[in-house]
Amino acid sequence: MSKFSRRLMLLGAAVAVLAAIGWWMIHVPAVQDAIFRRVIARTLTATRDDLLEQDSLRVLLCGTGNPLPDRDRAAACTAIFAGGTIYLVDIGSGAWKNLALWRIPAPRVAAVMLTHFHSDHIGDLGELNLETWANGRDHPLRIYGPPGVDQVVNGFEQAYSLDEGYRIAHHGAALMPAANWQMLPIAVKIDTSPGVSPCAGGSATVLEENGLKVTAFTVDHAPVAPAYGYRFDYKGRSVVVSGDTIKCANLVAVAKGADVLIHEAQSAHLVELIQQEAEQIGNARVAKIMSDIRRYHTTPLEAASEANDAGVQLLVLSHIGPPTSNLLARIAFMRGVADIRPRGVLLGYDGLLLTLPANSKDIETSTIR
């Protein structure tokens, strides 16, 4: 046996001994507890308070999917960090789980801006309200949206009211004040002329606080009406969230000169393929739904065109459909976009963080996991 072979055998034996020792140690209760203590301490101190620094406008995609099941994407949610406060545009199913896993400072969520009332945009509203309250939110949660928002809010409050009572009974009213559990529905009314397309124009100021201005504007998601998008302006920086819509002149007008446009995008040609295959196998229900949904969303190509017309610096596609779970799907989804907009386009994903330093033109991108 060569010297090299003997060394290799000794190394293998050493590794085996170490593995055996490690296997034995993780079965020792004191070792288990010591490891758990370190993990717990790291978790409890991992809150992302840095996102609340007031030097920048920050945008975090907390849900970039649509109603079709997608393992990698929660339903619609965009988080805006400005003035030391957190604002959410929509809160679809799975979005709260993302925010919690990322250790977002839950008590600092001040308001939710709902674009419309499809289930994939409101599904986690009850969870968000209860969990931010349980984590120490010291104020009622404001919920802005089109007229009808009070019905949505009241429904979630009624559904969660028993749970609220259980929590107070269990932990005490001093720790879980009932007043802070409340949601405050605030209807944003935008005057439009009867029979005139919502894309012909219409906007209203939602709030102005802590240096932030939020503007709602009408988009076209018929038969859903009214449906809104939102613009956020803070310290010389601006972000627009489209909401669900077809290609819309009003969106382009409101987004003029914005730094970032977060725009919904649905690949019409991929949805059509689903429709065709459903027809082939005799699934008329799926075929009809796929035919219908092509009529009230924006394609990636149309979103790129709108971004060019608005003169935005960065277009981020979100509310992605169908799911893009592999490289082939992502390439097919983005087909032709580079021909319209060669630069300044990102295919959004859950955890994408954009940082816009105050009074600058820089846009920093990173990922939260």
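Described below are features of the structure shown in this document. (Residues numbered from 1 in each chain as written. Predicted model: local features only at pLDDT ≥ 70, side-chain atom pairs only at ≥ 80, totals over all residues. Heavy atoms only, no water.)

1. Things to note about the overall build of the chain
(1) Moving on: The number of helices and strands found in the chain is 13 helices and 15 strands.
(2) Moving on: For the chain, the spread of C-alpha atoms along the principal axes amounts to about 90 × 60 × 50 Å.
(3) Moving on: Looking at the chain residue by residue over its 369 residues, the buried ones come to 47%.
(4) Moving on: Long-range contacts, defined here as pairs at least 24 residues apart, represent 65% of the contacts in the chain between residues at least 6 apart.
(5) Moving on: Surface exposure of the chain reaches about 18,000 Å², of which carbon and sulfur atoms provide 57%.
(6) Moving on: One way to put it: in the chain the 33 positive side-chain charges average out to a point 9 Å from where the 36 negative ones average out. (Helix = DSSP H or I, 4+ residues; strand = E, 2+ residues; numbered from the N terminus. Buried < 20%, exposed > 50% of the residue type's maximum accessible area, 1.4 Å probe, protein only. Contact = heavy atoms within 4.5 Å. Areas by Shrake-Rupley, 256 points an atom, 1.4 Å probe, with all protein chains shown as cover. Lys, Arg positive; Asp, Glu negative; His and termini not counted. Charge placed at Lys NZ, Arg CZ, Asp CG, Glu CD.)

2. Concerning the sheet that holds strand β14 (residues 352-357)
(1) Moving on: One open sheet accounts for eight strands, arranged β6-β5-β4-β3-β2-β1-β14-β15; its pairing is mixed. Either end of the sheet is taken by a strand with one partner, and the two such strands are β6 (183-187) and β15 (364-367). Taking each pair of neighbouring strands and ignoring which way they run, the sheet shows an average axis angle of 20°.
(2) Moving on: Of the pairings in the sheet, the one linking strand β5 (residues 141-145) to β6 comprises five bridges and is parallel in character. Residue I143 lies in a different strand from β6, and its bridge partner there is P185. (Pairing = 2+ DSSP bridges. Axes fitted to C-alpha atoms, helices over the stretch in contact; angles between N-to-C directions.)

3. Focus on the environment of P342
(1) Moving on: Of note, P342 is situated in the loop between α13 (337-340) and β13 (345-347).
(2) Moving on: Along the chain, P342 and A304 lie 38 residues apart, while their C-alpha atoms are 9.4 Å from each other.

4. Some words on the pairing of strand β10 (residues 237-241)
(1) Moving on: When you tally the buried positions in β10, you get five out of five residues, the bulk of the element.
(2) Moving on: Because side chains alternate across β10, one face comprises the buried residues R237, V239 and V241, and the other comprises S238 and V240, equally buried.
(3) Moving on: Of the pairings in the sheet, the one linking strand β9 (residues 224-234) to β10 comprises five bridges and is antiparallel in character. Considered in β10, the bridge of Y230 is made with V241.
(4) Moving on: Linking two consecutive strands that pair antiparallel, namely β9 and β10, is a turn of two residues; a positive phi of about 50° is found at K235 within it.
(5) Moving on: In this view, the connection linking β10 to its parallel neighbour strand β11 (residues 260-266) by way of helix α8 (residues 249-254) has right-handed handedness. (Right-handed = clockwise from strand over helix to strand, strands pointing away.)

5. Concerning the packing of helix α9 (residues 268-280) against helix α10 (residues 284-293)
(1) Moving on: In the contact formed by α9 and α10, the axes pass within 8 Å of each other and the chain directions differ by 160°. When the axes of α9 and α10 are compared, the pair comes out roughly antiparallel. Here α9 and α10 pass one another in a crossing that is left-handed. The residues of α10 that touch α9, namely those facing V271, I274, Q275, A278 and E279, are V286, A287, M290, S291 and I293.
(2) Moving on: Of the residues assigned to the contact of α9 with α10, the class counts are seven nonpolar, two polar and one charged. (Parallel < 35°, antiparallel > 145°, perpendicular 65-115°, else oblique. Left-handed = near helix turned anticlockwise from the far one by under 90°. Nonpolar A, V, L, I, M, F, W, Y, C, P; charged D, E, K, R; others polar.)

6. Quick look at the sheet that holds strand β12 (residues 314-321)
(1) Moving on: Read from one edge to the other, the open sheet built from seven strands follows the order β7-β8-β9-β10-β11-β12-β13, with strand pairing classed as mixed. The open sheet terminates on both sides in strands that have one partner only, identified here as β7 (203-209) and β13. With direction set aside, neighbouring strand axes in the sheet form an average angle of 25°.
(2) Moving on: Sitting on the sheet, helix α11 (residues 300-310) touches β11 and β12, and the angle it makes with β11 is about 160°.

7. Description of unusual backbone geometry
(1) Moving on: Residue P223 follows A222 across a cis peptide bond; omega there is 15°.
(2) Moving on: Within the secondary structure layout, P223 lies in the loop between β8 (212-221) and β9.
(3) Moving on: For the bond from G321 to P322, the omega torsion is -10°, close enough to zero to count as cis.
(4) Moving on: Here P322 shows up in the loop between β12 and α12 (327-333).
(5) Moving on: Positioned with a positive phi, N210 is a non-glycine residue whose angle comes to about 50°.
(6) Moving on: Although it is not a glycine, N359 sits at a positive phi angle of roughly 50°.
(7) Moving on: Tracing the backbone shows N359 in the loop between β14 and β15.
(8) Moving on: What makes N359 exposed here is its relative accessible area of 65%.

8. What about the pairing of strand β3 (residues 85-89)?
(1) Moving on: Burial analysis of β3 places five of its five residues in the buried class, which makes it a mostly covered element.
(2) Moving on: Side chains of β3 alternate between two faces, with T85, Y87 and V89 and I86 and L88 buried alike.
(3) Moving on: Bridge count for strand β2 (residues 77-82) against β3 is five bridges, and the pairing is antiparallel. Opposite F81, over in β3, you have I86 as the bridge partner.

9. Digging into α9
(1) Moving on: The end-to-end C-alpha distance of α9, which contains 13 residues, comes to 18 Å, matching closely the 18 Å that a straight helix rising 1.5 Å per residue would cover.
(2) Moving on: On its buried side, α9 packs onto β11, α10 and α12. (Expected span 1.5 Å × (residues − 1).)

10. Quick notes on the environment of V149
(1) Moving on: With respect to the element layout, V149 can be found in helix α6 (residues 149-171).
(2) Moving on: For V149, a relative accessible area of 1% puts it in the buried group.
(3) Moving on: A sequence separation of 59 residues divides V149 from D90, and the C-alpha atoms of the two residues are 12 Å apart.
(4) Moving on: Not counting the four nearest positions on each side in its chain, V149 is found in contact with L114, F117, I143, Y144, P185, I186 and A187.

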